[in-house]
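# A closer look at the structure
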Amino acid sequence: MISNIRTYFFHLDIDTMTKLSSIALSALVASASAFAPQNAAVSSSALKAADDGVWDPLSLRTLGTGEAFDTFPNVFPDEQFLKEAEIKHGRQAMLAWTGVWATTKGGLGLGLHFEGFPDEPDWTKALGVFAAEQPGWFFCILGFIAICEGESVGHTGDNFRGKSTKTPGDLNFDYLGIKKKASPEKMARYEDVEIKNGRAAMIAMASLFAHEAIPGSVPIMDIIS
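What you see is a predicted model; the values in this text were computed from it and never measured.

All right, on to the side chain of His113 then. Here His113 lies in the loop between helix H3 (79-102) and helix H4 (123-133). Aside from chain neighbours lying at most four places away, what touches His113 is Trp101, Ala102, Thr103, Thr104, Lys105, Pro118 and Asp119.

If you want it as structure tokens, here you go:
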């Protein structure tokens, strides 16, 4: 077994070894940079969303194109897929956090409880209680999510390989006619705000799960709850 491994690495050419070493080094740098203070000149906000000049020193978003490293075809997703996934998960997290507010009067509810909805202080049980006490609302929300998901998947195309003609996050659902009324500048601002709030919501939901799994790991949750 050991001799086979040695033989394998012996036959690897220098260029391949260099690339593998670069990938390993990049992963280590990424892990270290997550805990290192960043220069203020890089970004004024950790939640800043930008399409042009985005801060990506490791070129992670270009892995799917093969520009960063000579990767195997179709192993890494294209930037189209990454944008679609970020927007979708941000929306899911915002909806989930709204659910926490809607079903809790105190603590994490922050006084934003929806009148007529159940009051369940334990957010891990809130969905079950809500489904049992408000089945109409529950299935309406579930149906809305299913329609959005179907619209998203049905018109996304092959965005994993960057061949989709759909704009990431666009469900072609604008019953208020905002696109027609708003200027391109305002639309760009709305998109930027959605991404920022989606990122904040994902961090908030991750904090909830971390707080539930490891008590005391998120001190602010102890204060709020």
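This paragraph deals with the environment of Lys105. Of note, Lys105 is situated in the loop between H3 and H4. The spacing of Lys105 and Glu115 is ten residues in sequence and 9.5 Å in space, taken between C-alpha atoms. Lys105 has contacts with Gly111, His113 and Asp119, leaving out every residue within four places of it along the chain.

With that settled, consider the packing of aromatic side chains. Following the criterion strictly, the structure yields seven aromatic pairs and no others. Look at Phe114 and Phe117: their rings are 5.6 Å apart centre to centre, the planes differ by 40 degrees, and that puts the pair in the tilted class. Of the residues examined, Phe117 reaches a relative accessible area of 13% and is grouped as buried. Ring plane angle 75 degrees and centroid distance 5.5 Å describe the contact between Phe117 and Trp137, whose orientation is recorded as edge-to-face. Of this pair, Phe117 sits in the loop between H3 and H4 while Trp137 sits in helix H5 (residues 135-156), placing them 20 residues apart in sequence.

In this section: the nonpolar core. Judged by nonpolar contacts, Ala93, Trp97, Val100, Leu108, Trp123, Ala201, Ala204, Met205, Leu208, Val218 and Met221 together constitute the single largest core of eleven residues. Contributions of two or more residues to this core are made by H3 and helix H7 (184-213). The leading source of residues in this core is H7, at four residues. Here Ala201 is in contact with Gly90, Ala93 and Met94, once residues within four sequence places are set aside.

So, on to a nonpolar patch on the surface. There is a patch of nonpolar side chains on the surface, built from Leu95, Trp137, Ile141, Phe144, Ile145, Phe173, Tyr175, Leu176, Ile178 and Tyr190 and spanning about 1,000 Å² of accessible area. Take the nonpolar patch: its biggest share by element is four residues, from H5. Here Ile178 is to be found in helix H6 (residues 178-181).

For any two helices packed against each other, one specifies the crossing angle of their axes together with the interaxial distance. Remark: H4 packs on H5, axes separated minimally by 5 Å, with the N-to-C direction vectors making an angle of 115 degrees. Viewed along their axes, H4 and H5 adopt a mutual orientation that is roughly perpendicular. Residues Leu127, Phe130, Ala131, Ala132 and Glu133 of H4 touch H5, and the partners they reach there are Pro135, Trp137, Phe138 and Ile141. Across the contact of H4 with H5, the residue classes tally to eight nonpolar, no polar and one charged.

On to H5, then. In a regular helix each residue adds 1.5 Å, so 22 residues correspond to 32 Å; H5 covers 31 Å between its end C-alpha atoms and thus fits that length. Buried within H5 are the following residues: Phe138, Cys148, Ser152 and Thr156. Summarising the axial view, the buried residues of H5 lie within an arc of 100 degrees, below the 170-degree limit, and thus occupy one face. Of the exposed residues in H5, the ones pointing more than 90 degrees away from its buried face are Phe139, Cys140, Ile147, Gly154 and His155. Looking at the buried residues of H5, the elements they touch are H3 and H4. Phi turns positive one or two residues past the end of H5, at Gly157, with a value near 75 degrees.

Here is what the cut-offs are and how they apply
- Residues numbered from 1 in each chain as written.
- Predicted model: local features only at pLDDT ≥ 70, side-chain atom pairs only at ≥ 80, totals over all residues.
- Heavy atoms only, no water.
- Helix = DSSP H or I, 4+ residues; strand = E, 2+ residues; numbered from the N terminus.
- Contact = heavy atoms within 4.5 Å.
- Phe/Tyr/Trp six-rings, centres within 6.5 Å; stacked < 30°, edge-to-face > 60°.
- Buried < 20%, exposed > 50% of the residue type's maximum accessible area, 1.4 Å probe, protein only.
- Core = buried A, V, L, I, M, F, W, Y, C linked by side-chain atoms within 4.5 Å.
- Patch = residues over 30% accessible without salt bridge, like charges linked within 9 Å, V, L, I, M, F, W, Y side chains within 5 Å.
- Areas by Shrake-Rupley, 256 points an atom, 1.4 Å probe, with all protein chains shown as cover.
- Salt bridge = Lys/Arg side-chain N within 4 Å of Asp/Glu carboxyl O.
- Axes fitted to C-alpha atoms, helices over the stretch in contact; angles between N-to-C directions.
- Parallel < 35°, antiparallel > 145°, perpendicular 65-115°, else oblique.
- Nonpolar A, V, L, I, M, F, W, Y, C, P; charged D, E, K, R; others polar.
- Expected span 1.5 Å × (residues − 1).
- Arc of directions from axis to C-beta.

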